[in-house]
Amino acid sequence: MMKVILEVKERHKPNLPIEAECITPKNFLDPEREFHVWKGNKELDITDIFHVRKDGTAKSAEQVEITIRGDSSHIKRVGEYMDGGKILIEGDIGMHCGNFMSAGLIEINGNADSWLGREMHGGKILCHGDAMDYAGSGYRGEKQGMRGGLIEIMGDAGDFAGETMAGGEIIIHGNAGDMPGVDIKDGRLTIMGDCSRPCGNMSGGECRIFGTAYDMLPTFRNEGLTAIDSVQITRFSGDYMSRGLGTIYVANCKYMD
Amino acid sequence: MKTLLIKNAFVIDPIQHISGETMDIAVRNGKIVDDVKNPDEVIDAQGMLTLPGGIDSHTHICGTKVNFGRYMSPEDMRAGRTSRKGDMHATAGYSVPTTYGNSYRYSRMGYTTLLEGAMAPMEARHTHEEFRYTPMQDCLANTLFDGNWFALQAIQDGDTKRLAGILAWYLSAAKGFGVKLTNPGGTEAWGFGKDVSCINDPIPNFDITPLEIIVKMIEANEMLNLPHSVHLHCNNLGKPGNYMCTLDTYDAIPDINDKRQSLYSTHVQFHSYGGSSWNDFCSKAEDIARSVNDKPHIVIDTGQVMFGKTTTMTADGPMEFNLYRLYHNKWSNHDIEMETGSGIIPVVYRKKNLVNAIMWAIGLELALLVDDPWRCILATDNPNGAPFVKYPEVMALLMSKEYRDKEFETLHKSTGRRVALPAIERELTWDEIAVMTRSAQARALGLIDYGKGYLSEGAEADIAIYPIDVDSTDPARDYERIINGFSTTEYTIKRGEVVCRRGTCTLEGNHSTYWVKPHVSPAYDMSKDAAFIDGFNRYYSIRRANYPVGEEYLGRNVCMETEASI
Ligand SMILES: [Zn+2]
């Protein structure tokens, strides 16, 4: 087992974002590897930003566990292209955490900024706090968002959660913002709380809303009552703006006045 | 006053009828001169093919449409990333790169002048802002008039002089260079959900046809004495059987300029299709080439397709909608008020797709079947047919029958029955390739008078020195060397400064934007025309006084003033 502890140093301007896509378990397997991060257009050594401690050895990414400590709320792209192992973030994490990840676990004890698990293919992200906008979505202009794996958010999610989602699962235990699942093509999006305008232009996949869906879109057809885990719930098919091949289950729904 | 001497260069300069002579080229202050004493810098170009800087007379590199292509294709942005290095900025993108990406990659291929193929005048500011950050090339912008309501009204009224006055005002206001017509009338009809099938269809809301637009625009263009002719993207692009429309268009073109062509017909590959549907789709390049051969007043560029991923972008909105229905991929559709529209679709051209394979063959057939290389320009309508970085491969295909045959082997096996390419023996010469990549462009765009496209005294010192030893290279066999040699120059020189050395760009090239300012008599000065001002303020979302692009947007620029006959 290898344990890596990255502790964010006291920073003069803590709001300046740091791009740190080099932080993935696999990269720490190579003892010779240099780690560089970017602050704006300046390339810095990782030790300029973090105290780095490495204990033990590992033969594969699965045996590497990275802990990020301190104020990491503006550290971006952590775990990008991660393909195994574990990253534990003790506080908050910046944007684009877990971009394109295909395996392994990212656990965030605090909140996550936008684009959590963008276009991820596999693995699991567990966020104990809230996640900002575009969790599990595709980047702007991208046709497919999340394609596999699981994102579980214990708090609330911002707007556009699961936008262009094309596989995998997102579970939001709190509320979601506006337009979750817009352009969803496949996969399953579960919202335990409320949201508004879910799943516009849905062309496949499934969305389950156990709270209230406000401003429900009129282009979904009410298919009648059913039950999920003994909860009474209404099934809708749609979006008929597209081919109508998706399904939304909604506990309560309100149309726009 | 900086001086440079290039010694022992193996020069091909078709404008001056120099076909492979070893000579010295002297440069002072950005211009070619007779001789320099004690030059500041000496380059030994012994055994290296030396040409005037390359000119692309139809490419899409700057402006709102290109930028939206970037915006909607993050996957394209992720391809072709390079980080900052030395003087070079970071770049991103493959088929729609950032401006520096375009500029560096063109520069390493020896290109020093680029014409943006389609600028909506209302959105000209964006184009000019991006020109400023395309530092290794001079840039010019074709200006779109295909659906301009004032122009269409003047054509309907039969008032060609007024039409010329309108063109003059817009060209100066947008700081544009040439008159571009994209699917004339069709893009306008698309604003009402329609299209035109060819030159004789009526256009909604106006009592005119595409043919009238084309002919009147040519007449008006010549009244303004513009350097370039009308630049036409014909109606009915990309549809099986459209070659008849192209032939009918060519038959109707008047020959009214004795210095250059009267019509530049662009990306003709997309307009040379036979068949009645995609099932019997075939090449009609022979018919098109025959028509072009008969008409010395028409110049074409090929619009070559090469295999791989790219992005299509054009003002031809209805055509892009048809592509969308074919691919069901991402699609952007845009209307530009009183002027034109546009559409964007990412595409992949595949060797095993019969239609794509035929398209590839048609572009090559056109280049090989048009007899006069001065009237058949090499271009891919970047990025529509392929990103411009494919140009060296296109050159090698045209110079080597062996390479063509080898590539042909890998295509969909029915291709041979639909095209004439395998039977064509012609292999283009060094001189012909030089013509088709710079000299013909300089002549067709009217830039020879501005010192472009040749290497004699007084010319701009835009020079491309390739690591190709012509004497020891047989292009028919050594096509790999052709591709490598034309891909990366030994030196690219812009206005007398080395801007690119073996692919590494060193400094900015004192680039300029070229634009036209036709002087018309007060009667045709639209800035004082009550009907024009009233219509403008009534129908545009922008006030006429705020419309013109200020010179502060241009940076260094060359205003090409002309005396109009109106
Ligand atoms: Zn074009």
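Residues numbered from 1 in each chain as written. Chains lettered and ligands numbered in written order. Predicted model: local features only at pLDDT ≥ 70, side-chain atom pairs only at ≥ 80, totals over all residues. Heavy atoms only, no water.

1. Remarks on the overall build of chain A
So, point 1. Check the secondary structure of chain A and you find one helix and 18 strands.
So, point 2. Summarising its shape, the C-alpha atoms of chain A cover approximately 60 × 35 × 30 Å along the three principal directions.
So, point 3. Going through the 257 residues of chain A one by one, you find that 53% of them count as buried.
So, point 4. Counting contacts in chain A only where the partners sit at least 6 residues apart, residues at least 24 apart contribute 34% of the total.
So, point 5. Taken as a whole, chain A presents about 11,200 Å² of accessible surface, with 46% of it coming from carbon and sulfur.
So, point 6. Computed over 28 positive and 39 negative side-chain charges, the inter-centroid distance for chain A is 3 Å. (Helix = DSSP H or I, 4+ residues; strand = E, 2+ residues; numbered from the N terminus. Buried < 20%, exposed > 50% of the residue type's maximum accessible area, 1.4 Å probe, protein only. Contact = heavy atoms within 4.5 Å. Areas by Shrake-Rupley, 256 points an atom, 1.4 Å probe, with all protein chains shown as cover. Lys, Arg positive; Asp, Glu negative; His and termini not counted. Charge placed at Lys NZ, Arg CZ, Asp CG, Glu CD.)

2. Observations regarding the overall build of chain B
So, point 1. Regarding its fold elements, chain B presents 17 helices and 24 strands.
So, point 2. Judged by the C-alpha coordinates and their principal axes, chain B covers about 65 × 60 × 45 Å.
So, point 3. Counting only contacts in chain B whose residues sit at least 6 apart along the sequence, the fraction spanning at least 24 positions is 77%.
So, point 4. Total accessible area computed for chain B in this model is approximately 19,700 Å², and 47% of it derives from carbon and sulfur atoms.
So, point 5. Positive and negative side-chain charges in chain B, numbering 57 and 73 respectively, have mean positions lying 5 Å apart.

3. Description of the interface of chain A and chain B
So, point 1. Contacts between the two partners involve nine residues from chain A and, on the opposite side, nine residues from chain B.
So, point 2. Looking only at chain A, the three residues that lose the most surface to chain B are A:Arg140, A:Gly141 and A:Lys143, adding up to 49% of its buried area.
So, point 3. If you look at where chain A meets chain B, you find two salt bridges.
So, point 4. In this structure, the salt-bridge partner of B:Arg78 is A:Glu119, at a minimum N-O distance of 3.2 Å.
So, point 5. One can count three residue pairs in polar contact (both at pLDDT 80 or more) joining chain A with chain B.
So, point 6. In terms of residue class, the side of chain A that touches chain B is made up of two nonpolar, two polar and five charged. (Buried area = accessible area lost by both parts, 1.4 Å probe. Salt bridge = Lys/Arg side-chain N within 4 Å of Asp/Glu carboxyl O. Polar contact = N/O pair within 3.5 Å; in protein donor to acceptor, adjacent residues only side chain to side chain. Nonpolar A, V, L, I, M, F, W, Y, C, P; charged D, E, K, R; others polar.)

4. Some words on the sheet that holds strand β16 (residues 332-336) of chain B
All names here are of chain B.
So, point 1. Spatial strand order, β15-β17-β16: three strands in an open sheet with antiparallel pairing. Whereas interior strands pair on both sides, the edge strands pair on one side only; in this sheet they are β15 (308-314) and β16. Going from strand to strand, the sheet's axes swing by 15° on average, the running direction of each strand aside.
So, point 2. Taken together, the seven bridges between β15 and strand β17 (residues 340-349) define a ladder with antiparallel strand orientation. (Pairing = 2+ DSSP bridges. Axes fitted to C-alpha atoms, helices over the stretch in contact; angles between N-to-C directions.)

5. Observations concerning unusual backbone geometry
So, point 1. Of the consecutive residues A:Gly238 and A:Asp239, the connecting peptide bond is found in the cis state with omega at 0°.
So, point 2. Within the fold, A:Asp239 resides in the loop between β17 (231-238) and β18 (246-255).
So, point 3. Of the consecutive residues B:Asn382 and B:Pro383, the connecting peptide bond is found in the cis state with omega at -5°.
So, point 4. Counting through the fold element by element, B:Pro383 comes out in the loop between β18 (376-377) and α13 (391-399).
So, point 5. Its identity as a non-glycine residue notwithstanding, B:Asn29 has a phi of 55°, on the positive side.
So, point 6. Using a relative accessible area of 54% as the deciding quantity, one classes B:Asn29 as exposed.

6. A look at the state of the cysteines
Residues and elements named next belong to chain B.
So, point 1. Throughout the structure, instances matching the rule amount to one disulfide over all chains.
So, point 2. Cysteine 198 shares a disulfide with cysteine 245; S-S distance 2.2 Å. One quick way to see it: the torsion about the S-S bond of cysteine 198 and cysteine 245 is about 95°, and its sign makes the bridge right-handed. Taken together, the residues span a long stretch of sequence, with cysteine 198 in the loop between α7 (186-190) and α8 (210-223) and cysteine 245 in helix α9 (residues 243-251) at a distance of 47 residues. (Disulfide = S-S within 2.5 Å.)

7. Overview of the nonpolar core
So, point 1. Core analysis: the biggest nonpolar cluster contains 141 residues, and B:Leu49, B:Tyr170, B:Met217, B:Trp360, B:Leu398 and B:Phe486 have the highest contact counts within it.
So, point 2. The dominant element in this core, judged by the number of residues it contributes, is helix α12 (residues 354-369) of chain B, at 12 residues.
So, point 3. With residues near it in sequence (within four places) discarded, B:Leu398 still touches B:Leu364, B:Ala367, B:Leu368, B:Leu378, B:Arg404, B:Arg426, B:Glu427, B:Leu428, B:Ile433 and B:Met436.
So, point 4. Among the nonpolar cores identified, the runner-up in size contains 60 residues, and A:Met2, A:Ile18, A:Ile93 and A:Ala135 belong to it. (Core = buried A, V, L, I, M, F, W, Y, C linked by side-chain atoms within 4.5 Å.)

8. As for a nonpolar patch on the surface
All names here are of chain B.
So, point 1. On the surface, a cluster of nonpolar side chains totalling about 290 Å² of accessible area is made up of Trp278, Leu326 and Tyr327.
So, point 2. For leucine 326, the location among the structural elements is in helix α11 (residues 317-327).
So, point 3. Among the residues examined, leucine 326 registers a relative accessible area of 49% and is labelled partly exposed. (Patch = residues over 30% accessible without salt bridge, like charges linked within 9 Å, V, L, I, M, F, W, Y side chains within 5 Å.)

9. Some points on the coordination of the zinc ion
So, point 1. Protein-derived coordination of the zinc ion comes from B:His58 (NE2), B:His60 (NE2) and B:Asp381 (OD), at a distance range of 2.0 to 2.1 Å.
So, point 2. Judged by its relative accessible area of 0%, B:His58 falls in the buried class. (Donors = N, O, S within 2.8 Å, 3.2 Å for Na, K, Ca; no water.)

10. Overview of the packing of α9(B) against helix α10 (residues 285-294) of chain B
The description of two helices packed together rests on the angle between their axes and the distance between the axes.
Residue and element names in this part refer to chain B.
So, point 1. The interhelical angle for the contact between α9 and α10, taken along N-to-C directions, is 5°, at an axis separation of 10 Å. Our classification of the angle between α9 and α10 gives roughly parallel. Contact residues: Tyr243, Thr246, Leu247 and Tyr250 in α9; Asp287, Ile288, Ser291 and Val292 in α10.
So, point 2. Residues that form the contact of α9 with α10 fall into these classes: five nonpolar, two polar and one charged. (Parallel < 35°, antiparallel > 145°, perpendicular 65-115°, else oblique.)

11. Digging into the domain arrangement of chain A
So, point 1. Once the domains are mapped, chain A shows domain 1 (1-110) and domain 2 (132-257).
So, point 2. Each of domain 1 of chain A and domain 2 of chain A has a C-alpha centre, and the two are 31 Å apart. (Domains from an automatic or database assignment.)

12. Looking at the pattern of salt bridges
So, point 1. The full count for this structure, using the stated rule, is 44 salt bridges over all chains.
So, point 2. As a salt-bridge pair, A:Arg118 and A:Glu119 come within 2.9 Å of each other at their nearest N and O atoms. As far as burial versus exposure is concerned, A:Arg118 and A:Glu119 are alike and both buried.
So, point 3. Of the charged contacts, one joins B:Glu75 and B:Lys330 as a salt bridge, the two residues approaching to 3.0 Å between their closest N and O atoms. Here the residue B:Glu75 occupies a position in helix α2 (residues 74-78), and B:Lys330 occupies one in the loop between α11 and β16, the gap between them amounting to 255 residues.

13. Looking at the side chain of B:Glu339
All names here are of chain B.
So, point 1. Tracing the sequence through the fold places glutamate 339 in the loop between β16 and β17.
So, point 2. Lacking a salt bridge, the buried glutamate 339 has arginine 125 as its closest oppositely charged neighbour, with an N-O distance of 9.8 Å.
So, point 3. Within the local environment of glutamate 339, its side chain forms a polar contact with the side chain of tyrosine 540, the two groups lying 2.4 Å apart.
So, point 4. For glutamate 339, the side chain forms a polar contact with the side chain of tyrosine 547, separated by 2.4 Å.

14. Focus: α10(B)
Residues and elements named next belong to chain B.
So, point 1. Buried residues of α10: Ala285, Ile288, Ala289, Ser291 and Val292, and no others. The arc enclosing the buried residues of α10, seen along the axis, measures out at 160°, which places them on a common side. Counted as exposed and oriented over 90 degrees from the buried face of α10: Arg290 and Asp294.
So, point 2. Residues of α10 that are buried sit in contact with α9, β13 (282-283), β14 (298-301) and α12. (Arc of directions from axis to C-beta.)

15. Brief notes about a positive patch on the surface
So, point 1. Side chains of A:Lys13, A:Lys39, A:Lys42 and B:Arg84 sit close together on the surface and give a patch of like positive charge.
So, point 2. Mapping A:Lys13 onto the fold places it in the loop between β1 (2-8) and β2 (18-19).
So, point 3. Judged by its relative accessible area of 53%, A:Lys13 is exposed.

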